[in-house]
Amino acid sequence: FDNGQTSDQKYARRKASMSIRENIAEIRRRIDEAARETGRTGADITLVGASKMNDAAACQEAIAAGIDVLGENRVQEMVTKLAENAYDGAPLHFIGHLQRNKVKQVVGKAALIQSAGSVELLDEIEKQAEKLGIVQDVLLEVNIGGEAAKSGFAPEAVEAAAAHAKELAHVRVRGLMTIPPAGAARDENMVYFEKVHALYVDINRKMYNNGLDYLSMGMSGDFADAIRAGSNMVRVGTAIFGARDYTK
Ligand SMILES: *Cc1c(COP(=O)(O)O)cnc(C)c1O
């Protein structure tokens with residue numbers, strides 16, 4: 001990825017990649033610590049690098065440093081970076097809000113769509129996966145804060161959504177994902193995590209014979225708490241890649 005870069009850019013990239021490696025090591029240490037509080041270890045937790053607004057070189061640095069998965073938010077950015085081989089060497093997840101008319105660009109590209117948050121979206125994923133002759137793995141997104149602006153199933157709608165998904169031959173539910181309301185106080189956030197964990201345990205037992213794999217919750221600011229509440233998959237962006245530059 002160095003082609004055409006000035007020595008300043010190369011230096012900046014080398015510095016950034018050093019910190020990506022160090023950041024991942026530090027996050028792994030904190031993940032392991034939190035996991036041990038719940039009788040698990042870091043090996044039980046999947047670390048997803050949320051790589052939105054970070055370029056292909058940064059994605060490759062994270063993969064070289066042993067990230068488990070990369071997660072993208074925006075379909076166009078994902079398509080561009082796929083063409084640059086940004087994710088070669090690690091599974092790719094789609095973690096952002098997904099519009100129905102963009103589903104066909106994601107099905108079959110992302111190993112896991114973490115943001116299946118409506119029945120209409122599940123139906124569209126089914127349609128596109130059937131066309132490709134594949135089974136698309138998804139997580140059901142839970143809108144735990146009941147936020148009007150956020151997608152996802154209301155907690156009381158998750159069981160019906162799971163029942164609906166069971167009827168879809170080309171969709172396989174692997175677990176739940178949630179993003180608590182931004183700006184919640186720490187104890188309030190913990191309550192959200194605990195509620196989604198309880199929901200996960202409940203539908204896992206009742207509807208999947210304990211066959212679900214993933215409870216995806218926790219980001220840079222709260223992944224240790226999410227793990228304490230039972231998360232086994234965390235999506236970390238800023239703490240790995242640094243602050244995102246929204247002015248670009
Ligand atoms: C951006 C993003 C993250 C990571 O957020 P950070 O606070 O930067 O760690 C996690 N999950 C989703 C769905 C995101 O969009």
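Residues numbered from 1 in each chain as written. Predicted model: local features only at pLDDT ≥ 70, side-chain atom pairs only at ≥ 80, totals over all residues. Heavy atoms only, no water.

Attention shifts here to the overall build of the protein chain. Along the backbone of the protein chain there are nine helices and eight strands. Against the compact-globule benchmark of 18 Å for 248 residues, the protein chain has a radius of gyration of 18 Å, which places it among compact chains. Taking the principal axes of its C-alpha atoms as reference, the protein chain extends roughly 55 × 45 × 30 Å. Expressed as a percentage of its 248 residues, the buried residues of the protein chain come to 48%. A separation threshold of at least 6 residues defines the contact pool for the protein chain, and within that pool the share at least 24 residues apart is 59%. Per element, the accessible surface of the protein chain, about 11,900 Å² overall, is 49% carbon and sulfur. The positive charge centre, built from 31 side chains, and the negative charge centre, built from 34, are 3 Å apart in the protein chain. (Helix = DSSP H or I, 4+ residues; strand = E, 2+ residues; numbered from the N terminus. Rg over C-alpha atoms; globule rule 2.2 N^0.38 Å. Buried < 20%, exposed > 50% of the residue type's maximum accessible area, 1.4 Å probe, protein only. Contact = heavy atoms within 4.5 Å. Areas by Shrake-Rupley, 256 points an atom, 1.4 Å probe, with all protein chains shown as cover. Lys, Arg positive; Asp, Glu negative; His and termini not counted. Charge placed at Lys NZ, Arg CZ, Asp CG, Glu CD.)

Around the ligand, a shell composed of Ala-50, Lys-52, Asn-73, Ile-95, Ile-179, Met-219, Ser-220, Arg-235, Val-236, Gly-237, Thr-238 and Arg-244 is seen. The separation between an oxygen atom of the ligand and a polar side-chain atom of Asn-73 is 2.6 Å. Within the side chain of Thr-238, one N or O atom sits 2.6 Å away from an oxygen atom of the ligand. Against a free-state accessible area of 380 Å², the protein chains account for coverage of 88% of the ligand. (Near = heavy atom within 4 Å. Polar contact = N/O pair within 3.5 Å; in protein donor to acceptor, adjacent residues only side chain to side chain.)

Our next topic: the side chain of Gln-128. Residue position: Gln-128 is located in helix α5 (residues 119-132). On the basis of relative accessible area, Gln-128 is assigned to the buried category, the value being 8%. Excluding residues within four positions of it along the chain, Gln-128 makes contact with Val-103, Lys-104 and Val-107.

Now for helix α6 (residues 158-166). Every buried residue of α6 is listed here: Val-158, Ala-161, Ala-162 and Ala-165. Along α6, the residues classed as buried sweep out an arc of 100° about the axis, all on the same side. The inward-facing, buried residues of α6 contact α5, β5 (136-142), β6 (171-178) and α7 (186-208). (Arc of directions from axis to C-beta.)

This part takes up the pairing of β6. Taken across its eight residues, β6 has seven buried, putting it largely inside the fold. Bridging between β5 and β6 involves seven bridges; their strand directions are parallel. Within β6, the residue paired with Leu-140 across the bridge is Leu-176. Taking the sense of rotation as the criterion, the β-α-β connection linking β5, α6 and β6 turns out right-handed. Here β6 runs beside strand β7 (residues 214-216); their pairing, made up of three bridges, is parallel. Bridged to Met-177 within β7 is Ser-216. Taken together, β6, α7 and β7 constitute a β-α-β crossover, and its handedness is right-handed. (Pairing = 2+ DSSP bridges. Right-handed = clockwise from strand over helix to strand, strands pointing away.)

Moving on, we come to the nonpolar core. Within soluble globular proteins, side chains that are nonpolar tend to cluster in buried spots. Of all hydrophobic cores here, the largest spans 68 residues; its most connected members are Leu-47, Leu-122, Ile-125, Leu-140, Leu-176 and Ile-240. In this structure, Ile-125 is in contact with Val-103, Val-107, Ile-113, Ala-116, Gln-136, Val-138 and Val-171, ignoring residues within four places of it in sequence. Residues Val-69, Leu-112, Leu-139 and Met-177 belong to the second largest nonpolar core, which totals six residues. (Core = buried A, V, L, I, M, F, W, Y, C linked by side-chain atoms within 4.5 Å.)

We now examine the packing of aromatic side chains. Under the definition given, this model contains zero aromatic pairs. Against the face of Tyr-208 rests Lys-166, its NZ or CZ located 5.0 Å from the ring centre. (Phe/Tyr/Trp six-rings, centres within 6.5 Å; stacked < 30°, edge-to-face > 60°. Lys NZ or Arg CZ within 6 Å of the ring centre and 35° of its normal.)

In this fold, Glu-141 is placed in strand β5. Summary of buried charges: Glu-141 has no salt-bridge partner, and the nearest side chain of opposite charge, Lys-150, is 6.7 Å away. Excluding residues that lie within four positions of it along the chain, Glu-141 makes contacts with Gln-114, Ser-115, Ala-116, Gly-117, Ser-151, Gly-152, Phe-153, Met-177 and Ile-179. (Salt bridge = Lys/Arg side-chain N within 4 Å of Asp/Glu carboxyl O.)

A word on the packing of α6 against α7. Interhelical geometry of α6 versus α7 gives an angle of 40° and a closest axis separation of 11 Å. The angle between the axes of α6 and α7 places the two elements in the oblique class. Considering only the axes of α6 and α7, their crossing is right-handed. Between α6 and α7, the residues in contact are Val-158, Glu-159, Ala-162, Ala-163 and Lys-166 and Leu-199, Ile-203, Lys-206, Met-207 and Tyr-208, respectively. (Axes fitted to C-alpha atoms, helices over the stretch in contact; angles between N-to-C directions. Parallel < 35°, antiparallel > 145°, perpendicular 65-115°, else oblique. Left-handed = near helix turned anticlockwise from the far one by under 90°.)

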